[in-house]
Each structure stands twice: as structure tokens, then as C-alpha cells.
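The chain contents come next:
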Amino acid sequence: MEGFGAIYIFMLAAFTGYEVISRVPVILHTPLMSGSNFVHGVVLVGAMVVLGEADPADPVQLAIGFVAVFLGAANAAGGYVVTERMLAMFKSKTGGAQ
Amino acid sequence: MSGLIQLAYFGVAVVFILGLKAMSSPVTARKGIVWAGYAMIAATLVTFYTPGMQNYGLMITAIALGGAIAWWSGKVVKMTDMPQMVAIYNGMGGGAAAAIAALEFARGANHGVVASALAVLGALIGSVAFSGSCIAFAKLQGIMTKAWRLPQQNMVNIGLAGLAVVLGLAIIFAGTPPSALVILFFLVALALGAILTSPIGGADMPVVISLLNAFTGLAVGFEGYVLGNPALIVAGIVVGASGTLLTQLMAKAMNRPIRNVIFTPITGAAAGGGEAIEGTMKELSALDAASVMRYASKVVIVPGYGMAVAGAQHKVWEMAQLLEEGGVEVVFAIHPVAGRMPGHMNVLLAEAGVPYDKIFDMEEINSDFPQVDVALVIGANDVVNPVARTDKSSPIYGMPILNVDMAHNVIVVKRGQGAGYSGIENALFFKDNCRMLYGSAQQIIGEVITHVKALEV
């Protein structure tokens, strides 16, 4: 994935992000912030790849890779749990009151 | 195998976008996040099959440990403390992106100038997001109570940012950078995040958290390019863009341009310049408050963070129901940035079971206040400060506020006489139609409830 191909992806993703959330009501802004926080938790995947490619004989590389995976996993898991908890609060009333 | 993995990543990216899209309505929002959760699990599982990977034991330990700690802390955290948890998880994502770059530098993996530049940029933004989010967490959690400002703060920021860029360029052109250079670069980037964030007051914090969230997204996207992983690019950039939009929306709701949030934070010291406020604060008892509200025809409750920290939303809803039984119309008015984040108060009221149709946005209710008998402000401060309308020299001048001062009577529940979160004196408290009801919201509303009940017989 070289040069311009990547720029196209960057641009389209940026427009998508902008469009996707532009109609989110204020009442959902906190869960949305937390939900988008969860989505960038996919950094875990990248962290796994770099740790997987690290030299097993080099403790410095292993340590950095471990930190990367640890933080990525925490981002993903924590982001998911708090978002889900917040959205669960809205669940019971969505049928009737709206 | 590799083709299948790429296909899986593509599917994951699609589900992430649909999941975020589902968040535009409370009806579909929860389903959206659950799909995205499955997609994340799928992405993690297929990554184990990436050809040529090793260090599996360490990898699984890190996932189990990081995942379990975050899962547990996310489960036990109180709803009122959500903003700082969002901040800290976000910081971890930024830290992960920075660590990915650090490992690429340590391995001497050189993918060319463009990739190196994006690696460095991702590392810089990720480090700033990491240390900045840690500071944001410490502030909201109350670990760090003072906003410290360096003399020549903005010059220090610009100097550090410039130094980080120079060191970054040195890394890009070094090919295989010496470790001392890399370490110095990360130290400068981390310091920049901490120093940028530390003078920012609590009122501006939601904007900062949202901005740092967008930063982490960008950092993840850039590292995705370095690793040739489109799932990271798409998810990261989507979050980067949506986070930027969200930040703008919030900044607009507070009438605080993002530039001002970062470079001229509201602090107690900065607030000193405003016009002197005349009058005195007048106290009122729980009994009087109860009778004023019991014999009113319309009461508007304005909940703020003070109510939330006291955990008083259940008591407040109980009081509202009691008043309604007595024939009083009770509604809730919510400022877009009430609580610690936009929409945070809606989450808290939803937790207490307050129905949607009793909750009104600022735009919906602001013109009604002159016909309201009692506006009950519970632990809100800056969002009801009329100075924002009248005093051009005030740092919050121009911020849209709830016009509670126009109600016939205003009752403010507050723990003490101090200024609010932003450190700005509130002109509302000194107005003729305003009375102060001192006490912790939980306990004082409890007293009001007792008196309202007594009035029934």
C-alpha cells in the first residue's frame, strides 16, 4: 500500500468519520466519544503484529512490545465496557417515551 | 492465509463504521457497540494467524492483563466518573500507538521516508495523547487539584513542539536512529502533552478529552500506514475525523474556540478581571425550599455536576415525582455541557430513571424561564452564570447559558459559598430572586423531601 493509495484511504476515511457522526444527537455525545475511543482500540492489532515481529532475544524490544499490547488491549476492553454500560442506560426507555 | 486475514480486517473496518453510524439513535446505539465488540474480537483472533509471528506467550499475557484490568475498572466505575475513564482508556490507545512506533525504531525497521515520517508523527501525537490524557484523568479524578501554569506557558509549548519536530526529523533522516535520540524524542513528546494539558481548567476538560481522542485516532491511523494495516488506518482516521467534529461541536456549545481552550485556559486567576458583582447571597432553609416548590405550578430542575458527584440523581427524581403528585409540573433542563461532558447528564438522569420527555435541551426551554415559578439549580454553576450574557470582560462571555435568572424564584443547591469549577464568581447567586440552599445535594434534597411529605398532610 504505497503513496497515493494510502492518501485516498486517509481521505475517504476522514469523510466517512465526519459524515457518520454528524447527525448524532447531543444526548449521545458522551457514549459516542467513548465508542469512538473503543474503535481506535483496534491499535491492539497493530501492537500484536509488532510484538510478534520483535526479536525474542532482545528484552528492550519485548518490553516495548509488551507495553504496546497491554495498552492496546486496555484501550479496547475499557472502551467497550464503559460504552456498553452507558448505552444500556438508554435501553429501557427507547420504546415508550420517545 | 494473508489474503483471508486482509479480508477479515476489511470486514472489521466495515462493521466499525456501521457500529459508529448506529450511535446516531438511542434505539440502535447499543446494538452498534455490540457488533463493533464482536468485530474487535474477530480482528484480534485473526491477527494471531499472521505469518511469521512469535512471542505468543508474552502477547497473550499482555492481552489478558491489559484487557482484564480495563474490563474490571470499566465495570466498577461510577457513572459520574465516566469522563476520566474515557480519558484514561483513550490515553492508553495513544500510548499503544506511540509504543508501536518506538518498537519499529528499536528494530531498525525502515520502511522509507514517508513511512518513517508517519511513524514519527504518530509517535508524537500518540505520546501527547497519552500524557495529556493521564493529566486529564488525574484532574477529573481529583488527584491533581491545582491547574499549574508555567510562566510563558505558550512559549514553552511552542518551544517543546519545535524541539519534538527537530528530533523527529533527525529520526526520519537517520535511517536507523541511535536509541538516545529516540528516547529524548519520546521524553519531549510526553512532556509536551503534560504541559499542554496541565493548565486547562475543568470546564474545558471535555473539549480536551475529545481532542485527545481524535489525536489518538490519528496516531493509530498513521501507525496503521507504517504497518501496512488498513484496518488501523480506516478505524484510526474515522475516529480522528469524527473526534475532530465532536470537539468542534462541543467547543461551539461552550462558545470557546479550540484555540482558546488550549492557549488561554479559564483559570481562577484569569477570571479576576471581571466586573465586581454587587449584592449578597441569601440563604434559605430546606423547609422554605420545600414549600416554595410545593405551591409552585412549574418547577424546572437544572442538574449539574454537583448533583452527580453527590449521587443525588435518584433523590432528585424522587422529589420531582413527589411534587408531581402534588400537581406541580416538574421538568429537567440540561445545558449541552452539563456534567463533565456533553450528554453526560443525560446518561446520569437515564440511570436514575427520569423519562426522556421530562428532559429538555437548552434551546427548547430557555424561552420558558420567565414563566417558571421556581428554577432549582443543583450543583451547576458556570452554565447558569448570567455574566456570560452581560459581562464582556468575563472569560465565559458569550457562552450560551440556561436563563434561570429569569425565573420568578431561583433556588441554588450548593455545598458552600466558593466559586464554581471554572473559578468564576457567579452573578446569579447575588440576584434578588435567588436563594441559596447550602448542603450536599444528597442530604439536602433528602431534607426537602421530608418537608414536602409533611406539607401533604
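As a reminder, the structure under discussion sits directly above these lines.
Residues numbered from 1 in each chain as written. Chains lettered and ligands numbered in written order. Predicted model: local features only at pLDDT ≥ 70, side-chain atom pairs only at ≥ 80, totals over all residues. Heavy atoms only, no water.

Here we come to the overall build of chain B. Counting its regular elements, chain B contains 17 helices and six strands. Taken against the 2.2 N^0.38 rule, which gives 23 Å for 457 residues, the C-alpha radius of gyration of chain B at 25 Å falls within 12% of a compact globule. Structurally, chain B occupies a C-alpha span of about 80 × 50 × 35 Å along its principal axes. A total of 457 residues make up chain B; the buried ones form 58% of that total. Across chain B, contacts joining residues at least 24 apart in sequence account for 78% of those joining residues at least 6 apart. Split by element, the accessible area of chain B, about 17,400 Å² in all, is 64% carbon and sulfur. Mean positive and mean negative side-chain charge positions of chain B (25 and 26 charges, respectively) differ by 7 Å. (Helix = DSSP H or I, 4+ residues; strand = E, 2+ residues; numbered from the N terminus. Rg over C-alpha atoms; globule rule 2.2 N^0.38 Å. Buried < 20%, exposed > 50% of the residue type's maximum accessible area, 1.4 Å probe, protein only. Contact = heavy atoms within 4.5 Å. Areas by Shrake-Rupley, 256 points an atom, 1.4 Å probe, with all protein chains shown as cover. Lys, Arg positive; Asp, Glu negative; His and termini not counted. Charge placed at Lys NZ, Arg CZ, Asp CG, Glu CD.)

Attention now goes to the overall build of chain A. When you go through chain A residue by residue, the secondary structure sums to four helices and zero strands. Counting helices and strands in the order they occur from the N terminus, chain A gives α-α-α-α. Expressed as a percentage of the 98 residues in chain A, the buried residues total 62%. Per element, the accessible surface of chain A, about 3,500 Å² overall, is 69% carbon and sulfur.

Residues and elements named next belong to chain B. Compared with an ideal rise of 1.5 Å per residue, which puts 23 residues at 33 Å, helix α8 (residues 205-227) spans 33 Å between its outermost C-alpha atoms and is within 8% of the ideal. Counting buried positions along α8 gives 20 out of 23 residues, so the element sits mostly inside the fold. Where α8 ends, the next residue or the one after it, glycine 228, has phi of about 65 degrees, a positive value. (Expected span 1.5 Å × (residues − 1).)

Judged by nonpolar contacts, the single largest core of 201 residues is most densely connected at Phe16, Met293, Ile301 and Phe369 of chain B. Ranked by residue count, the leading element in this core is helix α4 (residues 82-107) of chain B, at 16 residues. In contact with phenylalanine 16 of chain B, other than residues within four places in its own chain, are Phe38, Val39 and Val42 of chain A together with Ala36, Ala39, Met40 and Ala235 of chain B. (Core = buried A, V, L, I, M, F, W, Y, C linked by side-chain atoms within 4.5 Å.)

For the rest of this paragraph, the subject is the interface of chain B and chain A. Contact with chain B, which involves 100 residues of that partner, is made by 80 residues of chain A. Counting across the chain B and chain A interface gives two salt bridges. For the salt bridge of arginine 30 of chain B with glutamate 84 of chain A, the shortest nitrogen-to-oxygen distance reads 2.5 Å. Seen at the junction of chain B and chain A, the total is 16 residue pairs in polar contact (both at pLDDT 80 or more). Elements represented by at least two residues in the side of chain B that touches chain A include exactly α1 (2-21), α2 (26-47), α3 (56-76), α4, α8, α9 (230-253) and α14 (344-352) of chain B. Here the element with the most residues in the side of chain B that touches chain A is α4 of chain B; it accounts for 17 residues. When grouped by side-chain class, the residues that make up the side of chain B that touches chain A number 66 nonpolar, 28 polar and six charged. (Salt bridge = Lys/Arg side-chain N within 4 Å of Asp/Glu carboxyl O. Polar contact = N/O pair within 3.5 Å; in protein donor to acceptor, adjacent residues only side chain to side chain. Nonpolar A, V, L, I, M, F, W, Y, C, P; charged D, E, K, R; others polar.)

Residue and element names in this part refer to chain B. The contact between helix α5 (residues 113-140) and helix α7 (residues 179-197) brings their axes to 7 Å, and the two run at 40 degrees. By the angle between their directions, the pair α5 and α7 is classed as oblique. Crossing geometry of α5 relative to α7 is assigned as right-handed. Contact with α5, carried on its side by Val120, Ala123, Leu124, Ser127, Val128, Phe130, Ser131, Gly132, Ile135, Ala136 and Lys139, involves Phe185, Phe186, Ala189, Leu190, Leu192, Gly193, Ala194, Leu196 and Thr197 of α7 and no other residues of that element. Taken together, the residues that form the contact of α5 with α7 break down as 14 nonpolar, five polar and one charged. (Axes fitted to C-alpha atoms, helices over the stretch in contact; angles between N-to-C directions. Parallel < 35°, antiparallel > 145°, perpendicular 65-115°, else oblique. Left-handed = near helix turned anticlockwise from the far one by under 90°.)

So, about the layout of surface pockets. Where empty space is left can be seen by rolling a probe of water-molecule size over the atoms. Its volume calculated, the second largest pocket comes out at about 450 Å³. Elements with a contribution of two residues or more to the lining of the second largest pocket: α4 (59-91) of chain A together with α4, α5 and α7 of chain B. Tallied by class, the residues present in the lining of the second largest pocket amount to 18 nonpolar, three polar and no charged. (1 Å grid on protein atoms, 1.4 Å probe; cavity = no way out; pocket = protein on both sides within 12 Å on 5 of 7 lines; lining within 4 Å. Points joined across faces, edges and corners; volume = space filled by probe spheres on them.)

A separate point is empty space enclosed by the protein. All names here are of chain B. Overall, the coordinates contain two cavities of 30 Å³ or more when judged by the stated rule. Considered as a void within the structure, the largest cavity measures approximately 100 Å³ in volume. If you trace the largest cavity, you find 13 residues lining it, with Phe105, Ala109, Asn110, Ser116 and Gly175 closest to the centre. Elements with a contribution of two residues or more to the lining of the largest cavity: α4 and α5. Here the element with the most residues in the lining of the largest cavity is α5; it accounts for three residues.

Residues and elements named next belong to chain B. Among the five residues of strand β6 (residues 434-438), four are classified as buried, and the element is accordingly described as predominantly covered. Note: strand β5 (residues 409-414) against β6, five bridges, orientation parallel. Counterpart to valine 410 in the pairing with β6 is cysteine 434. (Pairing = 2+ DSSP bridges.)

Under the counting rule described, the total for this entry stands at eight salt bridges over all chains. Glutamate 53 of chain A is the salt-bridge partner of arginine 107 of chain B, the closest N and O atoms lying 3.2 Å from each other. In this pair, arginine 107 of chain B sits in helix α4 while glutamate 53 of chain A sits in helix α3 (residues 43-53), so the two residues belong to two different chains. It is possible to trace a salt-bridge network through shared partners that takes in Glu53 of chain A together with Glu104 and Arg107 of chain B.

This part takes up the sheet that holds strand β1 (residues 298-303) of chain B. Residue and element names in this part refer to chain B. If you trace the six strands from one edge of the open sheet to the other, you get β3-β2-β1-β4-β5-β6, paired in parallel fashion. Two strands lie at the open edges of the sheet, namely β3 (359-361) and β6, each paired on one side alone. Neighbour to neighbour, the strand axes of the sheet diverge by 25 degrees on average, direction disregarded. Relative to strand β2 (residues 329-334), β1 is paired through four bridges, and the arrangement is parallel. If you follow valine 300 over to β2, its bridge partner there is valine 331.

Further remarks concern the packing of aromatic side chains. Applying the stated criterion to the full structure yields nine aromatic pairs over all chains. An angle of 50 degrees between the planes, with centres 6.4 Å apart, marks the rings of phenylalanine 105 of chain B and phenylalanine 186 of chain B as tilted. Of the two residues, phenylalanine 105 of chain B sits in helix α4 while phenylalanine 186 of chain B sits in helix α7, which places them 81 residues apart along the sequence. Looking at phenylalanine 105 of chain B, the relative accessible area reads 11%, which means it is buried. By relative accessible area, which is 14% here, phenylalanine 186 of chain B ends up buried. Between phenylalanine 185 of chain B and phenylalanine 186 of chain B the ring centres are 5.4 Å apart and the planes differ by 75 degrees, which places this aromatic pair in the edge-to-face class. By relative accessible area, phenylalanine 185 of chain B is classed as buried at 0%. Members of the aromatic cluster, joined through ring pairs, are Phe38 and Tyr80 of chain A together with Phe16 and Trp71 of chain B. (Phe/Tyr/Trp six-rings, centres within 6.5 Å; stacked < 30°, edge-to-face > 60°.)

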